[in-house]
Amino acid sequence: MAARVLGRAGRLAAVVRSSAVRLQLRLHGSAGLRFGSQASFFPPLGDAMLPSGSFNNHVALITGGGTGLGRAMTATLSQLGAQCIIASRKLDILQRTAEEISSQTGNKVHAVQCDVRDPQAVSQCVDQMEALTGLPDVIINNAAGNFVCPSERLSPNAWKTITDIVLNGTAFVTLELGKRLIQNQKGASFLAITTIYAESGSGFVVPSASAKAGVEALYKSLAAEWGRYGHRFNIIQPGPIRTKGAFSRLDPTGAFEKATIDRIPTGRLGTPAEIANLAAYVSSNYASWMSGAVIRFDGGEYVSLAGEFNELRSVTPDQWKILEAMIRNTKGS
Ligand SMILES: CCCCCCCCC/C=C/C=C/C(=O)SCCNC(=O)CCNC(=O)[C@H](O)C(C)(C)COP(=O)(O)OP(=O)(O)OC[C@H]1O[C@@H](n2cnc3c(N)ncnc32)[C@H](O)[C@@H]1OP(=O)(O)O
Ligand SMILES: NC(=O)C1=CN([C@@H]2O[C@H](COP(=O)(O)OP(=O)(O)OC[C@H]3O[C@@H](n4cnc5c(N)ncnc54)[C@H](OP(=O)(O)O)[C@@H]3O)[C@@H](O)[C@H]2O)C=CC1
C-alpha cells in the first residue's frame, strides 16, 4: 500500500518537474481560486448600530466632515442624537452636507470653514464652535490629503502639504481643543483616522505614511498623558473604502482596484457606513474604558499582505496533491 502511494507520488512529482516551466503552479495566474466570491459571507450592514439617542446632548466635531468617510461619520452621529460641527476648507460643500444631514436627522449640523494647516484658523474655528455649541464631547480628526507619487518626484512643498494637513493639522486641532477642554475641566473622546500603512510604511505614499505614523504616536502619547483630564484617545486604521477623495488620488485609472479586492480576505471593500458605526462606538460612552487603542478595520487586508505564504491561496486542490506528494517524497535534508 505504502509502496503504491509512494509510486504514485513519485509519478506525480515527475509530472510536476517535467512541466515545471509551463505549469509554474500558476501562483499568480487565473488557474487559482478566484477571490471575491467570499464577499457574500460578509455583507455590509448600513443601519446605525448603537441605540437611538446614544449621542443626545453630545457635541461632535468632525474635520473633513463634508465628504467621504467624515460625512458618513457625521450622518451616523447626527442620527444618534449628536449636534455636529463639520470643518474643512470648502464651505459650500460643508454647507450642502450639513443641510442634507440635518434635514434627514432633525439634528443641527453646523458648517465651519477651517484649513487645519493654519493654527490661527484652527483657533478661530474653535472660537466659532464655542459660540455655536460649546466645547465638544467628541472630536474626530479625519481631514487628510494624499496622492500616489514616486518619492523621487516629490517637491519640498508636496511633502510639506501632506504632512501639514495630516500631522500638523491633527496636532493643531487636538492641542487647541485639548487646552480649552482642560481649562474647562471637560472630558472628551478624541479619535484619529489613520491607515493600515501607518504601521507598515508604504512606498508611493511616503508623506502620508510618515504623517499618519506621527498621528498614531501623538494619539498614543496623549492617551497616556491626558487620561487625568478625562480625555480618551483612539485610532482607527481603515483599509480601502471607496470615496472620491481617496480613490481619485490613489488609483485614478481604477487599474489597481481588482488586485486590491483580490487580496482582501473578506472579498470586498469596506463601506462608509461600516466605519461610521465603528467610529460612533469608539466615540460613545459604551467605549468609555477604551483609550490608546489602535483598531485595524480592513477586511483582513493587512495580514493578507504580510504573510509570506499567503500567495499559496492560488494553489488549486489538484496542485496541492502534487505539492504534498513532492514534500512527502523528500528524504533527508
Ligand atoms: C493601489 C490603490 C488601491 C485603491 C485605493 C486603496 C486605498 C487604501 C488606503 C488609503 C489611504 C488613504 C489615505 C488618504 O489620506 S485618502 C484622502 C485623500 N483626500 C484628499 O487628498 C483630499 C484633499 N486633497 C487635496 O486638497 C489635494 O489633493 C492636495 C494636493 C493634498 C492639497 O491641495 P492644495 O493645498 O491645493 O495643494 P497644491 O497646491 O495643489 O499642491 C501642493 C504641492 O503638492 C504638489 N502635488 C500636488 N499633487 C501632486 C501629485 N499628484 N503628484 C506630485 N505632486 C503633487 C504640488 O505640485 C505642490 O507642490 P509644488 O508644485 O512644489 O508647489
Ligand atoms: N477611503 C479610504 O480608503 C481610506 C481613507 N483613509 C482616511 O480616511 C479619512 C477620510 O478620507 P476620505 O473620506 O476617503 O477622503 P476625502 O478626500 O473625502 O476626505 C478628506 C477630507 O479632508 C478635508 N481636508 C483636506 N485638506 C484639509 C485642510 N487643509 N483643512 C481642513 N480639511 C481638509 C477635505 O475637505 P476640504 O477639501 O473641504 O478641505 C475632505 O473633506 C482620511 O483621514 C484618510 O486618510 C484611510 C485609509 C483608507
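Just so you know, these numbers come straight off a predicted model, no measurement behind them.

A.B. asks: Please explain the site of ligand 2 as it appears in this structure.
C.D. replies: Neighbouring ligand 2 are 26 residues; T67, S88, R89, N142 and T243 lie closest to it. T67 has a polar side-chain atom sitting 2.7 Å from an oxygen atom of ligand 2. One of the backbone nitrogen or oxygen atoms of I241 is found 2.8 Å away from an oxygen atom of ligand 2. Protein coverage of the free-state accessible area of ligand 2, which is 880 Å², stands at 90%. Counting residues per element, the ones that place at least two in the shell around ligand 2 are α3 (68–79) and α9 (244–250). Considered class by class, the residues forming the shell around ligand 2 number 11 nonpolar, 10 polar and five charged.

A.B. asks: Which parts of the structure should I look at to understand helix α11 (residues 272–283)?
C.D. replies: Taking 1.5 Å of rise per residue, 12 residues should cover 16 Å, and α11 covers 16 Å from first to last C-alpha, within 8% of that figure. Along α11, nine of the 12 residues are buried, which leaves the element largely enclosed by surrounding structure. For α11, the full list of buried residues reads E274, I275, A276, N277, L278, A279, A280, V282 and S283. For α11, the secondary structure elements touched by its buried residues are α3, β4 (138–141), β5 (188–193), β6 (231–238) and β7 (294–297).

A.B. asks: Looking at this structure, I do not really get the packing of aromatic side chains. What am I missing?
C.D. replies: In this description, a pair of aromatic rings is defined by centroid distance and the angle of the planes. This model, assessed by the stated rule, comprises four aromatic pairs. Three or more aromatic residues joined by ring pairs make a cluster, and in this case those are F190, Y219, W226 and F233.

A.B. asks: Any chance you could explain a nonpolar patch on the surface here in plain terms?
C.D. replies: A cluster of nonpolar residues, V148, F204 and L250, forms a patch on the protein surface that exposes about 260 Å² of accessible area. Taking the relative accessible area as the measure of exposure, V148 reaches 40% and is therefore partly exposed.

A.B. asks: I would appreciate a short explanation of the pattern of salt bridges in the present structure.
C.D. replies: Two side chains of opposite charge can pair, provided their charged atoms sit close to one another. Under the criterion given, the structure shown has 14 salt bridges. Ionic pairing is found between R180 and D127, a salt bridge with its closest N-O pair at 2.8 Å. Taken together, the residues span a long stretch of sequence, with R180 in helix α6 (residues 156–183) and D127 in helix α5 (residues 119–132) at a distance of 53 residues. Given a relative accessible area of 13%, R180 falls into the buried group. Judged by relative accessible area, D127 falls into the partly exposed class, the value being 40%.

A.B. asks: In this structure, what is going on with empty space enclosed by the protein? I would like to understand it.
C.D. replies: With a probe scaled to a water molecule rolled over the atoms, the places where space remains empty come into view. Per the stated rule, a full pass over the model turns up one cavity of 30 Å³ or more. Roughly 40 Å³ of volume is contained in the largest cavity. Around the largest cavity sit L61, T63, A87, C114, V116, V122, C125, V126 and V173, which together line it. Within the residue set of the lining of the largest cavity, elements represented by two or more residues are β1 (59–63) and α5. Residue contributions to the lining of the largest cavity peak at three residues, all from α5. Taken together, the residues that form the lining of the largest cavity break down as eight nonpolar, one polar and no charged.

A.B. asks: Got a minute to help me understand the sheet that holds strand β3 (residues 109–113) in this structure?
C.D. replies: Strand pairs in the sheet, formed through backbone hydrogen bonds, run parallel or antiparallel to each other. Spatial ordering of the open sheet is given by β3-β2-β1-β4-β5-β6-β7, a layout of seven strands whose pairing is parallel. The open sheet terminates on both sides in strands that have one partner only, identified here as β3 and β7. Between one strand and the next, the sheet's axes are offset by a mean angle of 20°, whatever the strand orientation. As paired strands, β5 and β6 are joined by six bridges and run parallel to one another. Within β6, the residue paired with A192 across the bridge is I235. Along the sheet, helix α4 (residues 91–105) makes contact with β2 (83–88) and β3, crossing β3 at roughly 175°.

A.B. asks: I keep staring at the nonpolar core and nothing clicks. Help me out?
C.D. replies: Side chains of a nonpolar character, in soluble globular proteins, are inclined to be buried together. Among the nonpolar cores identified, the biggest contains 32 residues, and L61, I139, L177 and F190 are the most heavily contacted of them. Mapped onto this core, the elements with two or more residues apiece are β1, β2, α5, α6, β5, α8 (206–225) and β6. Top contributing element to this core by residue count: α6, with seven residues. Leaving out residues up to four positions away in the same chain, I139 has contacts with L61, V173, L177, L181, A188, S189, F190 and L191.

Criteria and thresholds
Residues numbered from 1 in each chain as written. Chains lettered and ligands numbered in written order. Predicted model: local features only at pLDDT ≥ 70, side-chain atom pairs only at ≥ 80, totals over all residues. Heavy atoms only, no water. Near = heavy atom within 4 Å. Polar contact = N/O pair within 3.5 Å; in protein donor to acceptor, adjacent residues only side chain to side chain. Areas by Shrake-Rupley, 256 points an atom, 1.4 Å probe, with all protein chains shown as cover. Helix = DSSP H or I, 4+ residues; strand = E, 2+ residues; numbered from the N terminus. Nonpolar A, V, L, I, M, F, W, Y, C, P; charged D, E, K, R; others polar. Expected span 1.5 Å × (residues − 1). Buried < 20%, exposed > 50% of the residue type's maximum accessible area, 1.4 Å probe, protein only. Contact = heavy atoms within 4.5 Å. Phe/Tyr/Trp six-rings, centres within 6.5 Å; stacked < 30°, edge-to-face > 60°. Patch = residues over 30% accessible without salt bridge, like charges linked within 9 Å, V, L, I, M, F, W, Y side chains within 5 Å. Salt bridge = Lys/Arg side-chain N within 4 Å of Asp/Glu carboxyl O. 1 Å grid on protein atoms, 1.4 Å probe; cavity = no way out; pocket = protein on both sides within 12 Å on 5 of 7 lines; lining within 4 Å. Points joined across faces, edges and corners; volume = space filled by probe spheres on them. Pairing = 2+ DSSP bridges. Axes fitted to C-alpha atoms, helices over the stretch in contact; angles between N-to-C directions. Core = buried A, V, L, I, M, F, W, Y, C linked by side-chain atoms within 4.5 Å.

So yeah, pure geometry; function would need other evidence.
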